[in-house]
Every structure is written in C-alpha cells, then in structure tokens.
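Structural overview
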Amino acid sequence: MWDHEIRAMASTHAIIAASVFMATVLPAALVPGFSVYGTHLLWIYSTSGAVTAVSVAVFWLLGVTPPTKKHTLGYKLSRLLRSCLYYFLSCLFFHTVVVLYGAPLIESALETFSLAVLLTSLTTLRCLCVLGPNVQAWIRVFSRHGAMSVWDTCLQITVACTVVGAWVGAFPIPLDWDRPWQVWPVSCSLGAMIGFLTGLVAAPVWIHYHRKQLTYKCK
C-alpha cells in the first residue's frame, strides 16, 4: 500500500546516513589532527551541519515538507524565521534538560550546548522538515495513535532511537575506566548518533513488516 513511500524513505535515510559518514571521513582527510575523540566538538558540528543541509534538501525535493498555503515571499520568510527560532529554542531546551540530568552547568557549557545542537539536528530538524514549524502537529504526532502517515511513524521511531541512544550513552561516563570516549560529552553524542542511524534503518524496516496493520486516520 505504501511501498513507494517506504522505498523513498529508505533512499532518503541512506543519503542522510552517507552524509554522516562523509562528514566524519572528509575532515579526517582534510584537517590535520582531526578525530572523533580528539576534536570531538568539530565532529559534532561537522555531522550536525551535514545532516541539516542534506535533510532539508532531500525532504524538500521529495515533497515531504508540508506545502505552504500562501505563496507570498513574506509568508515563506515568516516560516523560515519561525523554523530557525524553533531550532534555536530546541537547542536551549536540550541544553537545559541535559544540565538537569547532571551535566556541568558552567564548566563545560560549550560541550553541553554542542551536544544540544547535535540532538536538535537529529530530532527537531526532522520535525521541521516533515511537519513544518507547527507545534500542534508535533504534539499530535508524539501523542498516542497520533501518526497520520508513514513519515509520522518514521519520525516517532527515529526521534525515540536518538533520545534513547543519548541517554544510554551517559551510563559509561562515571565509570573509572579512563577511556577517551568517557570525556564529556563524547559517549552521549556517539550514543545519539548511533541511535539516530539505528532509527534510520529500523523505521523503514519496521513500517514495511507492519504495513498491513498500520491504519491512518485523517484528523
């Protein structure tokens, strides 16, 4: 029933995953001393930028982004500004949540905010691409039985995998192993990225094998 959309989803996710790979490999070849551990903040912003640029382009080309009811330049600029505002507010939200969960408030503020930027690029950005700057639609999708399309279900899976991955990544930090990936926020950002990539694979696979059971109601 949704074979075409599932194939488009799988292709989109493959392109986004490839952008993460390229954002990790290219700086290693071009920037002396670059490494995921040693220059971790650079890796965070490299992958965040790649995911943001590729996601916006691919979702726009596929027509997944909700169409605007008005075609005036002012309305489109207003949507763009609201999207940028939501992106920034999401960074502040994730930063606050991470601090409340025990991250250093002042000492490692840049590292914590960088993790918030990564989480926003992997979660909130997809909400903006699929649903637009519409908070009510976001609340609907993440409520029980709120999905209205396979892309909504995909959004639920990828966001959940990313957040859970970041949460699980925090567990090794307090252990006395003295490993480079235990430095804040390496394990959390790696966990978030692994969770995100897992969600990219799991979403189309889960939807494909449950497509006969999925029913969406127009609300």
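Residues numbered from 1 in each chain as written. Predicted model: local features only at pLDDT ≥ 70, side-chain atom pairs only at ≥ 80, totals over all residues. Heavy atoms only, no water.

The name that an unreviewed UniProt entry assigns to the protein chain is Phosphatidylinositol-glycan biosynthesis class F protein, with the source organism given as Collichthys lucidus. Annotation of the protein chain in UniProt includes, under Subcellular location (unreviewed entry), the sentence "Endoplasmic reticulum membrane". Turning to the protein chain, the UniProt annotation filed under Pathway (unreviewed entry) states: "Glycolipid biosynthesis; glycosylphosphatidylinositol-anchor biosynthesis." (UniProt positions renumbered as here; feature names shortened; annotations may be inferred.)

1. Observations concerning helix α8 (residues 186–209)
End to end, α8 covers 34 Å across 24 residues, agreeing with the expected 34 Å (1.5 Å per residue, within 8%). In α8, a bend of some 30° at A202 exceeds every other bend along the element, and P204, a proline, comes one to four places later. (Helix = DSSP H or I, 4+ residues; strand = E, 2+ residues; numbered from the N terminus. Expected span 1.5 Å × (residues − 1). Bend = angle between axes of the 7 residues up to and from the residue.)

2. A short note on the nonpolar core
F59, L122, L131, W151, M193, F196 and I207 are the most contacted members of the largest nonpolar core, which totals 43 residues. Of all the elements in the fold, those that place two or more residues in this core are α1 (3–30), α2 (40–62), α3 (73–100), α4 (109–122), α5 (124–131), α6 (135–141), α7 (150–169) and α8. The contacts of I207, once residues within four sequence positions are left out, are I6, M9, V150, T153, C154 and L214. (Core = buried A, V, L, I, M, F, W, Y, C linked by side-chain atoms within 4.5 Å. Buried < 20%, exposed > 50% of the residue type's maximum accessible area, 1.4 Å probe, protein only. Contact = heavy atoms within 4.5 Å.)

3. Looking at the confidence of the model for the protein chain
In this model, the protein chain carries an average pLDDT of 89, and 94% of its residues clear a pLDDT of 70 or more. The lowest-confidence element of the protein chain is α6, averaging 90 in pLDDT; the highest-confidence one is α4, averaging 96. (pLDDT = per-residue confidence, 0-100.)

4. Comments concerning the side chain of R126
By the secondary structure assignment, R126 is in helix α5. Salt bridges are absent for the buried R126, whose nearest opposite-charge side chain, D152, sits at 10 Å. Not counting chain neighbours up to four residues away, the residues in contact with R126 comprise H13, I16, F59, C154, L155, T158, F196 and L200. (Lys, Arg positive; Asp, Glu negative; His and termini not counted. Salt bridge = Lys/Arg side-chain N within 4 Å of Asp/Glu carboxyl O.)

5. Looking at the UniProt feature "transmembrane region" (unreviewed entry) in the protein chain
In the numbering adopted here, UniProt assigns the feature "transmembrane region" (unreviewed entry) to residues 12–30, 42–63, 84–106, 112–132, 153–171 and 183–207. Measuring from the first to the last C-alpha atom of residues 12–30 gives 27 Å, for a span that is 100% helix and 0% strand. As annotated, residues 153–171 comprises 89% helix and 0% strand, and the C-alpha atoms at either end are separated by 28 Å.

6. Concerning unusual backbone geometry
Here the residue pair W184 and P185 is connected by a cis peptide bond, since its omega of 0° sits within 30 degrees of zero. Along the chain, the position of P185 falls in the loop between α7 and α8.

7. Remarks on a nonpolar patch on the surface
Where nonpolar side chains cluster on the molecular surface, the patch consists of F21, M22, V25, L26, L30, V31 and L42 and spans about 640 Å² of accessible area. Counting residues per element, the nonpolar patch draws most heavily on α1, which supplies five residues. For M22, the location among the structural elements is in helix α1. Taking relative accessible area as the criterion, M22 reaches 39% and is therefore assigned partly exposed. (Patch = residues over 30% accessible without salt bridge, like charges linked within 9 Å, V, L, I, M, F, W, Y side chains within 5 Å. Areas by Shrake-Rupley, 256 points an atom, 1.4 Å probe, with all protein chains shown as cover.)

8. Considering the state of the cysteines
Going through the model one piece at a time under the given rule, you end up with zero disulfides. Here C91 is not cross-linked by a disulfide; its sulfur's nearest cysteine counterpart is in C84, at 11 Å. Since its relative accessible area comes to 3%, C91 is described here as buried. Counting only cysteine sulfurs, C129 is the nearest neighbor of C127, a cysteine outside any disulfide, at a range of 9.4 Å. (Disulfide = S-S within 2.5 Å.)

9. Remarks on the packing of aromatic side chains
All told, the structure shown has four aromatic pairs when counted by the stated rule. Taken together, a centroid distance of 5.0 Å and an interplanar angle of 85° make the contact between W167 and F171 edge-to-face. (Phe/Tyr/Trp six-rings, centres within 6.5 Å; stacked < 30°, edge-to-face > 60°.)

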